[in-house]
Amino acid sequence: RAENWIYGLVMMFLVLASSFTGYLLPWDQLAYWAITIFTQIFEYIPLFGHSLANFIRSGETLNSNTLLNFYNLHDGVLPLLFVFFVSLHFWLVRKAGGVALPEQKETQKVPVIPNLVVKEIMVALLLIAALFFASAFYSAPLLEQANPNLSPNPSKAPWYFLGAQELLLHVHPAFSAVILPVYLLLFFIAVPYLNYKNLNIGVWFNSPEGKKLVIHSAIFSFLFTFGLIYLLDHFLHFDVWLNSSPSWISTGVVPFMLYTIPVGLYILYGFKKFKTHHTEVVMAITTVVIVSYLTMLLISLLLRGEGMLLLF
């Protein structure tokens, strides 16, 4: 199933790309400035970041060509890629013997048609109906037409990328835009190829101890991420204290170590306390990554006011 995990990551990026391209299509103030802010993050990538941002925008700023390209990608290219990769995903699931289930003494199989296909069609129809009722009764009015000369305060990226924007407020761009994303991408690619022992296939969290470790890691990650952001906003000013050091050290290495060392020690503590295996540790690390990003996303979405100041 390792190959299918990789295709799952590809589909996750396709979902983000579809959301990203679709966000601009209303061409109102929210859409224009959200995409502007996010494309500026690409400019922090060394060597080719500015060229990459200009390629995505079709120029130095968003323009009519950007809108046309995003429309073609959103309505033409990405749906075809979705069809291909979703079909490939389902085929590989069937090739692997279906969804992973705990070991059973007797395995009873039933025909795919109609047992599986009918249920999938029913779920799809229910989802479409839910989307229809949501669009019929939930008002989502447009803002003013996009105005490049009038920037809203605060200017925020699309909500699902707010975690990246929040990270950029506290960590050097080389870390937040390059090092951390590359490291996390390599980690998620490596997940299915790691050497697992005591693996209970089809069992949630792999074991009761693994479930405890994941829950504790999620709670710790949320509280620690929230607390560290508050401290960095109000009390920890490493850029001032270490002004004689390069910025990539004072606002890069130092905050990075300030987060990873306590989190790593906590996971090690949980590993020994709950007597788990390496399988559960990988789950705990994954949980920390996801919860940390969600915490930063919620802080930026709900608690950042004018000038991106932290407000309660």
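Residues numbered from 1 in each chain as written. Predicted model: local features only at pLDDT ≥ 70, side-chain atom pairs only at ≥ 80, totals over all residues. Heavy atoms only, no water.

## Details of the pattern of salt bridges
To be explicit about the condition: Counted as salt bridges are all cases of a side-chain nitrogen of Lys or Arg within 4 Å of a carboxyl oxygen of Asp or Glu. A run of H or I in DSSP counts as a helix once it spans at least four residues, and a run of E counts as a strand once it spans at least two, with each numbered from the N terminus. Think of it in three bands: with a 1.4 Å probe and only protein chains considered, a residue is buried below 20% of the maximum accessible area for its type, exposed above 50%, and partly exposed in between.
In total, this model carries three salt bridges according to the counting rule given. Two residues, Arg-304 and Glu-166, come together in a salt bridge whose shortest N-O distance is 2.6 Å. Separated by 138 residues along the polypeptide, Arg-304 in the segment after α11 (278-302) and Glu-166 in helix α6 (residues 162-170) bring together distant segments of the chain. Each member of the pair, Arg-304 as well as Glu-166, is classed as buried. Linked through salt bridges whose partners overlap, the residues forming this network are Glu-166, Asp-233 and Arg-304.

## Section: the environment of Lys-156
Let me state the cut-off plainly: By the convention used here, residues are in contact when the closest approach between their heavy atoms is within 4.5 Å. Any pair of nitrogen or oxygen atoms within 3.5 Å is treated as a polar contact; in protein, a donor-acceptor pairing is required on top of that, and neighbouring residues in sequence qualify only through side-chain atoms on both sides.
Take Lys-156: it is sitting in the loop between α5 (112-137) and α6. For Lys-156, a relative accessible area of 18% puts it in the buried group. With sequence-adjacent residues up to four places away left out, Lys-156 is seen in contact with Trp-33, Ala-34, Ile-37, Leu-162, Gln-165, Ser-300, Leu-301, Arg-304 and Met-308. A distance of 2.5 Å separates a polar atom in the side chain of Lys-156 from the backbone oxygen of Ser-300. Side-chain polar atoms of Lys-156 contact the backbone oxygen of Arg-304, separated by 3.1 Å.

## With respect to helix α1 (residues 2-24)
Inclusion rule: Multiplying one less than the number of residues by 1.5 Å gives the expected span of a helix.
The end-to-end C-alpha distance of α1, which contains 23 residues, comes to 34 Å, matching closely the 33 Å that a straight helix rising 1.5 Å per residue would cover. Looking only at α1, the buried set comprises Ala-2, Asn-4, Leu-9, Met-11, Leu-14, Ser-18, Phe-20, Thr-21, Tyr-23 and Leu-24.

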